[in-house]
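Observations on the model geometry
The residues making up each chain are set out below.
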Amino acid sequence: MKLLVLLALTAVVLADLCPRNKKGGLHKGPRKFVDGAKSAVRVAGTALFTVSCSALSNNIESVVFGGNCAHLTEQAMCYGYTMKKKYEKQTGPVSYGQLAGDMDGVRDMGNLACGHARACYDQIAAAVKSCMDGNSNFVEQTLEAAELMYSLTYKSEVQKIVDSSSEPLFKELANLVMDNFNSAADIEAALNSFFSKENQSEIVTDAEFARKQFITIAQGFCDDGCFDKSAAFFEPLFTAMDAGQCTVASEFCGPCKENAANFLDGNQNVVMPCCLKKVAETGFRAYNRVEEKYRSIIDRFDADLSEQLSDEANYRIKGIVNELKEQSACIKEVYDGNKPECA
């Protein structure tokens, strides 16, 4: 069985998600998209690392887009280009039928990540570690460069986006953030006001535990060939849900829930894979752990935020939270009624 999984992963890792011409080069559209991304990274690399780490500044493209990252980043950008072209002109909501049609791409990108993400991460991490080893002020100088780059290049553009938004809640939240956080020192001060030294130490410990757990779960997910199994589960499920009054993929309660439950009830041919159940159960436990451990801090943050927002914004937030809780409860109900028995 493991041999079959290995062969399947190998085939997908070598798959090509990029539209190419007869000579093997990228078509004009994706090539322009990829070149634009590389140009943006070069500009950012120059702005961020020229002072703190000239070696990384000079070689940022090869670190991010070369070596062990070359295949993964090119394929990811091609996939991004394909999704952009598919949805950029769509004005209506995304349907479950469209999500079903996207499952092959999600599967292929997932398997590519299984084959390349760890080595790519190690390559980038090694470059950053080299910078830190060579410059004790690397982090501070990079943050200072980031603040300057944001102030000179992006702040006015972000403000234009905020001002043009038709969503009052987004505008209030964005302006609140922009008014209060203009530097790393501002962020540090805000964190210190909400988290005691003990809290911060616990959060760092919990984050490290979560990081190690994520790596273990992700490796198991890949080893089990779970992107293939998950795609084989979700594609027919989403297709079956895309019927009747279930027309919007951002909603699950109501007709979509009924379609999902009817499709899964007693269906022996389409069953949630155990590897996916394992990830879901881990996520539920992690959420409950955070909710229980940090509830008082979350409540204090909510109260502080509420005082700084208008009644309209607070009403909107309350509606969003209630909607999320309702949708989550519907998903959990269908999940609990159809999760597989696993060893």
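Bear in mind that the values here come from a model prediction, so they are computed numbers and not experimental data. (Residues numbered from 1 in each chain as written. Predicted model: local features only at pLDDT ≥ 70, side-chain atom pairs only at ≥ 80, totals over all residues. Heavy atoms only, no water.)

**Brief notes about the side chain of Gln123**
Relative to the helices and strands, Gln123 is located in helix 6 (residues 96–134). Reaching out from Gln123, the side chain makes a polar contact with the backbone oxygen of Gly66 at a distance of 2.9 Å. Apart from residues lying up to four places away in sequence, Gln123 is in contact with Ser62, Val63, Gly66, Gly67, Asn68 and Cys69. (Helix = DSSP H or I, 4+ residues; strand = E, 2+ residues; numbered from the N terminus. Polar contact = N/O pair within 3.5 Å; in protein donor to acceptor, adjacent residues only side chain to side chain. Contact = heavy atoms within 4.5 Å.)

**With respect to the state of the cysteines**
A complete count under the given rule lists seven disulfides for this structure. Between the sulfur of Cys69 and that of Cys120 lies a disulfide, 2.0 Å long from S to S. Because the sign of the S-S torsion sets the handedness, a value of about 100° for the bond joining Cys69 and Cys120 places this disulfide among the right-handed ones. On the criterion of sequence distance, the pair formed by Cys69 in the loop between helix 4 (60–65) and helix 5 (70–87) and Cys120 in helix 6 is long-range, its members being 51 residues apart. (Disulfide = S-S within 2.5 Å.)

**Describing the pattern of salt bridges**
The final tally for this structure, using the stated rule, is 21 salt bridges. Measuring nitrogen to oxygen at the nearest pair gives 3.0 Å for the salt bridge that ties Arg107 to Asp108. Several salt bridges share partner residues, and in doing so they unite Glu281, Lys332, Asp336 and Lys339 into one network. (Salt bridge = Lys/Arg side-chain N within 4 Å of Asp/Glu carboxyl O.)

Honestly, it's all geometry; don't read function into it.
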